[in-house]
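# Chains, contacts and geometry: an overview
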Amino acid sequence: MSSDSLNIILFGETGVGKSSVINLIAGGPVADVSPDADGCTMNSKDYQFTIGSRKITIWDTVGLEEPQMGVNGYYAAVVKAYNLIQKLSRAGGVDLLLFCIRGNRITATTQSNYRLFYEVLCNKQVPIALIITHLEREHRMEEWWTRNEGSILKYGIKCAGHACVTGITDKAEKFRESRDAISTLLSQHDNRGRFTMPQDPWFIRLLEHLASLVSPNSSVGKDISRNLIKRCGLDVETAQRLAGQLRGSGDRQ
């Protein structure tokens with residue numbers, strides 16, 4: 001593992017401005033700023049670039065759009081989660097979470113995304129920082145944080161840093177301030193505490209939490225392995241192994 005590498009999961013709701021944040025980090029247009037082509041929860045797209053001597057890997061990941069989901073959304077999210085965990089494992093783990101939120105009120109979905117990525121996916125072992133977007137109308141963007149920090153803490157969202165930004169390039173001064181804010185934030189983090197887990201228990205942990213988000217009016221079904229094969233495209237051996245582990249963890253609870 002290179003001491004100059006940084007593995008980042010950037011997450012948030014569709015349309016919150018994650019691609020603009022990637023471009024701010026990269027210092028150029030490496031990400032398409034159009035809406036997510038695949039808005040499925042846990043869908044991720046990889047970006048790699050070098051800043052100075054530092055290799056940056058970012059997984060741009062779609063968060064929850066609502067605090068709960070239906071069964072179809074659950075199984076779609078499961079296969080995306082499985083793919084994401086495979087990518088994270090191959091890369092050696094995660095160093096930093098960047099939670100992208102709009103500069104407006106904190107919602108139940110905001111809290112659900114915080115729990116999903118910080119508490120469940122990363123087991124509270126990875127520092128999380130907030131990127132507050134769409135602040136071009138603020139006289140001074142940092143004033144948003146001054147006004148709202150208390151509310152964020154009240155909702156149980158704790159972070160290891162923040163950046164108040166806009167991705168609008170024609171706001172030249174604020175765009176430059178946004179790049180500087182993110183650059184300063186990233187300079188405060190490294191890979192010495194990189195978090196990873198064995199793939200199967202990591203996936204099962206996430207699978208269980210996603211199941212808890214399914215609406216009471218829906219059911220994920222009892223034939224877990226068949227659904228993993230049919231809906232997620234997993235091979236029979238992998239699906240049966242994971243289903244057995246999921247049932248076993250449920251029996252222990």
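Before reading on, note that the structure itself is shown above.
For the structure given in this document, a descriptive report is provided here. (Residues numbered from 1 in each chain as written. Predicted model: local features only at pLDDT ≥ 70, side-chain atom pairs only at ≥ 80, totals over all residues. Heavy atoms only, no water.)

## Some remarks on the side chain of His209
Among the structural elements, His209 can be located in helix H6 (residues 199-212). Apart from the residues lying within four places of it in its own chain, the contact partners of His209 are Leu116 and Val120. (Helix = DSSP H or I, 4+ residues; strand = E, 2+ residues; numbered from the N terminus. Contact = heavy atoms within 4.5 Å.)

## Describing the sheet that holds strand S5 (residues 128-133)
Either a parallel or an antiparallel arrangement is found when strands of a sheet pair, and the pairing is made through backbone hydrogen bonds. The strand order across the open sheet formed by six strands is S2-S3-S1-S4-S5-S6, and the pairing between neighbours is mixed. If you trace the sheet from one side to the other, it starts and ends with strand S2 (44-51) and strand S6 (162-164), each paired once. Strand-to-strand, the axes of this sheet are offset by a mean angle of 20°, without reference to chain direction. Where S2 and strand S3 (residues 54-62) come together, eight bridges link them in antiparallel fashion. Within S3, the residue paired with Thr50 across the bridge is Lys55. Packing against the sheet, helix H2 (residues 71-91) makes contact with strand S1 (5-12), S2 and S3, and its axis sits at approximately 170° to S3. (Pairing = 2+ DSSP bridges. Axes fitted to C-alpha atoms, helices over the stretch in contact; angles between N-to-C directions.)

## Regarding unusual backbone geometry
Although it is not a glycine, Met42 adopts a positive phi angle of roughly 80°. As for its placement among the helices and strands, Met42 is situated in the loop between helix H1 (18-26) and S2. If you check the backbone angles, Lys124 has positive phi at about 60° while not being a glycine.

## Digging into helix H5 (residues 172-187)
With 16 residues, H5 extends 23 Å from end C-alpha to end C-alpha; this agrees with the ideal 22 Å at 1.5 Å per step. Those residues of H5 that sit buried are Lys174, Phe175, Ser178, Ile182, Leu185 and Leu186. Buried residues along H5 cover an arc of 110° about the axis, so they all sit on one side. Among the exposed residues of H5, those oriented more than 90 degrees off its buried face are Ala172 and Ser187. (Expected span 1.5 Å × (residues − 1). Buried < 20%, exposed > 50% of the residue type's maximum accessible area, 1.4 Å probe, protein only. Arc of directions from axis to C-beta.)

## Some points on the packing of H1 against H5
Axis separation between H1 and H5 bottoms out at 9 Å; the angle between their running directions is 75°. By the angle between their axes, H1 is roughly perpendicular relative to H5. Residues Val21, Leu24 and Ile25 of H1 touch H5, and the partners they reach there are Phe175, Ser178, Arg179, Ile182 and Leu186. (Parallel < 35°, antiparallel > 145°, perpendicular 65-115°, else oblique.)

## Remarks on helix H7 (residues 224-232)
Looking only at H7, the buried set comprises Ile224, Ser225, Asn227, Leu228 and Cys232. Mapping the buried residues of H7 onto a view down its axis gives an arc of 165°, with all of them on the same face. Structural note: H7 exposes Arg226 and Lys230 on the side pointing more than 90 degrees away from its buried face. Of the residues one or two after H7, Gly233 is the one with positive phi, at around 75°.

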